[in-house]
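Structural features, examined
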Amino acid sequence: MTHLGYLIAGWSVTVLAVVGYAWWVLARLRSLGRRVPANRQRWMMPDDLTDDGNEHTELSEQP
Amino acid sequence: MSEVATDEGAEEISGSLDLSPRAPRVARSGWRRWAPALVVALVMVMIGFVLWRALADATLVFREVDDAVERRLELGDDRFRMIGSPVSGSIQEIHLTDGRPAVAFAVVIDDVVADVVHTGGVSDQFQPEVPVVIDGRWVQSNEFGNIAQDGWYFASDRMLVKHDNDYRVNNTERINEAEERGQYQ
Amino acid sequence: MSLTTVLSRQNATQDTQSISSSATKALGWAALVGFAILVVLAFAWVPADTRITDQGDVVGQFDAVRLMFVHVPSAILAYTGFGITFLASLGYLRWRTDWWDIMAASAAEIGVIFGVLTLVTGSIWGRPTWQTWWEWGDVRLVTTLVMVLVFIGYLAVRRIPANAAVKARRSVVIALVGAANIVIVNRSVDWWENRTLHQQSTLLARKIRDETLFTLTFAFVVGATLFGWLLLHRFRVGYLERQITEQEVQKAIAERQAESAAHDTGSLTQASNPTGQIQPQSKTSP
């Protein structure tokens, strides 16, 4: 196979960058997930939030 | 203390509720506070540098062989880049009068041919019919009479290859035969 | 609260008890398996790039062409990330919700990752094919670098301390400027053909052999799957960061109210908040 060094370099850097980034995202997600109550970790839809990031219904229900 | 309360109830509230800003509990360290602004400044400097370098090199437009031949007298001994396809069968290794090795070949575009004497490194992809961009200048000399038959040759010292966008296969059987002969592996 | 809302929230809560839902896990596994298949296709099935000239010379990029399957999808995914940032920024301008702002930031970050990969893999591919790692006068290379730098700047601007709405507005401006560059990058090989070593589009010209085309298309599918997985998870990170900020703001408000209640008994608290509920704030600063 010709250009083997270039092939290894190109494919390796791609795999390492993507895996490294995915790993960082998962670690951050895990870390943040521990700090937010489960009932506030639900999936967010565009209409759920206002400009200020508050959820209309849930805020008024906070004790 | 807030001074914006206008009605009686609000004045009463502002009078007892301390609305003055508090120091954040976890103050951001100096580095964390300024790092983003520094990155923005750095990015702006880098963009400026990139554009400056790009504009500085912008004169290095690739002149096609036919254009370069037509403007040969006008170009004089200006340095420029020329693009053309090496003519199959024209590539040969030579030695200059001072003994340095060189590669002589012809490049063509639209049936206009120019002779080239190249003294720099040769790309792995330097192949017949694969366009090359060569960096150099016109020379009028009889030094290579057998190569520069019209008395002109393009003296280049840098070669880049501009591969085209064609990834189709042709003559599969002949390629297999060439592979078996060890023409490439 | 209606029954359907309760049920949908319950389901949603169950889905996000872990960091991934079953759907995103499936997406992640699909990307992994797809990538493994892509490696096999790229190295074992696709033939080397070789052509034979009329004079019998064997020419081509040979095995270096296998870098195409990481370089081209990286470029497409970078465009996609920056394109989504552009569209989400327009969405923010129209609807002014955090959803669009988080989406824009998440896509920009992923776009930068793939943009840098495009430059690096392009450079690695350029050395054996063009005989150079980098050319400053090459419009395709330079405009791509500027595009990536603009979006790195976009991400940095978002981290400069400011009110959330101010940050979002600054970001929108940069995203719109950066998006204009996407068109320049993409069209540069046609607009300035004699100022770039980069080839013109192979796919649009249909100058590609079947195995290479199939594998490249498969690489796009794997890339899209991977991009979707990354975007979903990065979006969740952004969402959780906002939730934490919101919690901290609410906690601070509650503490202030508790302090004021301690200073003044009864009547004052009644006047400021007759229902005893925490009122939504008009602006929050993360």
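Before reading on, note that the structure itself is shown above.
Quick notes on the rules
Residues numbered from 1 in each chain as written. Chains lettered and ligands numbered in written order. Predicted model: local features only at pLDDT ≥ 70, side-chain atom pairs only at ≥ 80, totals over all residues. Heavy atoms only, no water. Patch = residues over 30% accessible without salt bridge, like charges linked within 9 Å, V, L, I, M, F, W, Y side chains within 5 Å. Areas by Shrake-Rupley, 256 points an atom, 1.4 Å probe, with all protein chains shown as cover. Salt bridge = Lys/Arg side-chain N within 4 Å of Asp/Glu carboxyl O. Helix = DSSP H or I, 4+ residues; strand = E, 2+ residues; numbered from the N terminus. Buried < 20%, exposed > 50% of the residue type's maximum accessible area, 1.4 Å probe, protein only. Contact = heavy atoms within 4.5 Å. Polar contact = N/O pair within 3.5 Å; in protein donor to acceptor, adjacent residues only side chain to side chain. Pairing = 2+ DSSP bridges.

Side note on a nonpolar patch on the surface
All names here are of chain C. A cluster of nonpolar side chains, namely W29, L32, V33 and I37, defines an oily patch on the protein surface of about 430 Å² accessible area. When you line up the elements, L32 lands in helix α2 (residues 22–45). On the basis of relative accessible area, L32 is assigned to the exposed category, the value being 54%.

Some points on the environment of S74 of chain C
Residue and element names in this part refer to chain C. Its location among the elements puts S74 in helix α3 (residues 68–95). Look at S74 and you get buried, because its relative accessible area is 2%. The spatial distance from the C-alpha of S74 to the C-alpha of R236 is 23 Å, given a sequence separation of 162 residues. With residues up to four places along the chain from it excluded, the contact list for S74 reads F114, L117 and T118.

Focus on the side chain of T132 of chain C
Residues and elements named next belong to chain C. Here T132 lies in the loop between α4 (98–130) and α5 (139–159). Under the relative-accessibility criterion, T132 is labelled buried at 6%. At a separation of 3.0 Å, a polar atom in the side chain of T132 contacts the main-chain carbonyl oxygen of W134. Among the polar contacts made by the side chain of T132, one reaches the side chain of E135 at a distance of 3.1 Å.

Focus on unusual backbone geometry
Comment: phi is negative for the bulk of residues other than glycine, and the bulk of peptide bonds are trans. One non-glycine residue with positive phi stands out, namely D111 of chain B, at about 70°. Topologically, D111 of chain B is positioned in the loop between β4 (101–109) and β5 (112–118). With a relative accessible area of 76%, D111 of chain B lands in the exposed category. For Q131 of chain C, which is not glycine, the phi torsion reads 75° and is therefore positive. The residue Q131 of chain C is located in the loop between α4 and α5 in this model.

Remarks on the pairing of strand β1 (residues 49–52) of chain C
Residue and element names in this part refer to chain C. Residues D49 and R51 line one face of β1 and the alternating positions T50 and I52 line the opposite face, and both faces are buried. Strand direction decides the pairing type here: β1 and strand β2 (residues 58–62), joined by three bridges, are antiparallel. If you follow I52 over to β2, its bridge partner there is V58. The loop that links β1 with its antiparallel partner β2 comprises five residues; one of these, G56, has a positive phi angle of about 90°.

By themselves, these are just geometric observations and shouldn't be taken as functional.
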